[in-house]
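Spelled out from the first residue to the last, the chains are:
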Amino acid sequence: MSRRNRRGPPRRASSAEPLHHRGVAQLTLETGLRRAVEREEFEVHYQPIVSALTGEVRGFEALVRWRHPERGLVAPADFIPAAEETGLINGIGRSVLRQACGEAHRWHPADPERPAPYVSVNLSAVQFLQRDLLAQIDEVLANSRLAPGRLCLEITESMLMEDPEAAARTLTALRERGVRLYIDDFGTGYSSLNYLHSFPFDSLKIDRTFTAKLGDGEEHRGIVQAVVAIARHLGMSVIAEGVENGEQLELLRRLGCENVQGYFFSRPLPAPEAERLVRRASVNLAG
Ligand code: C2E
Ligand code: MG
Ligand code: MG
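Note that the structure is predicted; figures quoted are calculated from it, not measured. (Residues numbered from 1 in each chain as written. Chains lettered and ligands numbered in written order. Predicted model: local features only at pLDDT ≥ 70, side-chain atom pairs only at ≥ 80, totals over all residues. Heavy atoms only, no water.)

A. Just the coordination of the magnesium ion (ligand 3), in detail. Asp 184 (OD), Asp 185 (OD), Glu 241 (OE) and Glu 241 (OE) make up the full set of protein donors to the magnesium ion (ligand 3), lying at 2.1 to 2.5 Å. When the donor residues of the magnesium ion (ligand 3) are listed from N- to C-terminus, their spacing reads D-D-x55-E. Between the magnesium ion (ligand 3) and the magnesium ion (ligand 2), a separation of 3.7 Å is found, and both are coordinated by Asp 184. In this pair, the class of Asp 184 matches that of Asp 185, namely buried. (Donors = N, O, S within 2.8 Å, 3.2 Å for Na, K, Ca; no water. Buried < 20%, exposed > 50% of the residue type's maximum accessible area, 1.4 Å probe, protein only.)

B. Representation of the site of ligand 1 in the model. With respect to spatial proximity, 23 residues lie near ligand 1, and among them Arg 65, Asn 122, Arg 208, Glu 244 and Tyr 263 are the closest. Within the side chain of Arg 208, an N or O atom sits 2.8 Å from an oxygen atom of ligand 1. Put simply, the parts of the chain that give the shell around ligand 1 at least two residues each are strand 2 (57-68) and strand 6 (180-186). By residue number, the principal contributor to the shell around ligand 1 is strand 2, which donates four residues. (Near = heavy atom within 4 Å. Polar contact = N/O pair within 3.5 Å; in protein donor to acceptor, adjacent residues only side chain to side chain. Helix = DSSP H or I, 4+ residues; strand = E, 2+ residues; numbered from the N terminus.)

C. Geometry of the pattern of salt bridges. A complete count under the given rule lists 14 salt bridges for this structure. Note that Asp 132 is salt-bridged to Arg 94, the shortest N-O span being 3.4 Å. Remark: Arg 94 occurs in helix 4 (residues 89-104) and Asp 132 occurs in the loop between helix 5 (125-128) and helix 6 (133-144); sequence separation between them is 38 residues. By relative accessible area, Arg 94 is classed as partly exposed at 27%. Residues Glu 154 and Lys 205 are paired through a salt bridge, measuring 2.7 Å at the closest nitrogen-oxygen approach. Within this pair, whereas Glu 154 is found in strand 5 (residues 151-156), its partner Lys 205 is found in strand 7 (residues 203-206), the two being separated by 51 residues in sequence. (Salt bridge = Lys/Arg side-chain N within 4 Å of Asp/Glu carboxyl O.)

D. The arrangement of the environment of Leu 33 in detail. Following the sequence through the fold, Leu 33 ends up in helix 2 (residues 24-39). When the C-alpha atoms of Leu 33 and Lys 205 are compared, they prove to be 29 Å apart, with 172 residues separating the residues in sequence.

E. Examining the side chain of Asn 90 more closely. Relative to the helices and strands, Asn 90 is located in helix 4. On the accessibility criterion, Asn 90 (19% relative accessible area) is buried. Asn 90 has contacts with Val 126, Gln 127 and Gln 130, leaving out every residue within four places of it along the chain. (Contact = heavy atoms within 4.5 Å.)

F. Structural detail: the layout of surface pockets. Of the voids in this model, the second largest pocket is the one considered here, and its volume is about 280 Å³. Contributing to the lining of the second largest pocket are 17 residues, with Phe 128, Leu 129, Ala 166, Ala 167 and Thr 170 lying nearest its centre. Listing elements by their share of the lining of the second largest pocket, those giving two or more residues are helix 5, helix 6, helix 7 (158-161) and helix 8 (164-176). Ranked by residues supplied to the lining of the second largest pocket, first place goes to helix 8 with four residues. (1 Å grid on protein atoms, 1.4 Å probe; cavity = no way out; pocket = protein on both sides within 12 Å on 5 of 7 lines; lining within 4 Å. Points joined across faces, edges and corners; volume = space filled by probe spheres on them.)

Rendered as structure tokens:
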């Protein structure tokens, strides 16, 4: 999946499109995906989002994987675009939401004084535009009995710009339910700073391409500093993605970034390991 159109509005392939245009590999993938939805072959891994100062686990990002009968674990980049083009993403997304909320409901830190971590679920543009999105969220929250404040939804900039007014209405309705909203991959999509203030986001996620360049020079740090300033002015906290070393962590701390996520702390974990980490409550900030 190219970074430019990650979770942007998908190209929709109509079923009337001639077969030779779509290619055999694509058809095989689509057939496999249809079967995978029926057989519930999607599993969710959880990557901790931690305090940059204390290492305390604040929440986990839910990241879907396809447990393919022959190929093993398939990464989202290899099937999400096809799932979006065929509309199968709606079924997959529903399954991710159900699993993630069900799992998060079981997360209890050993110390009952600590707040239970939240779960942060990525929404695709196709899901975001579904008419029954709010009903779906209500149903998942009711069935899982997860407090709405422990569910976050990650939305990319490009998803908002096609119809900013409609997007703001949907986001406001979610916010009124107590669900938290994160703007994902900030700085990589198409967005208008003019609109940003009209969306009720709680946090901004700095894309890992910016984190990766942090050590490369003053100008790269300046960009991250400017993004942190934008977030501050709009009342949002900041999560930096893709932290891979201690130097990046230190620079992010100095730039005032509160929360971090990346391989330096932990890879995305299968559900039982995430549950063990919840009980332990924090990661080692020395990596
Ligand atoms: P994302 O939402 O930006 O998720 C973060 C990605 O960065 C994840 O890749 C994660 O494993 C990876 N990552 C985390 N820390 C590091 C690091 O330190 N270094 C590097 N190089 N990478 C790191 P993953 O799991 O392969 O997911 C890729 C993308 O697929 C996600 O990007 C998101 O856009 C999409 N995705 C994942 N799960 C879902 C889902 O349930 N629904 C939808 N619609 N999209 C999803
Ligand atoms: Mg994300
Ligand atoms: Mg991201």
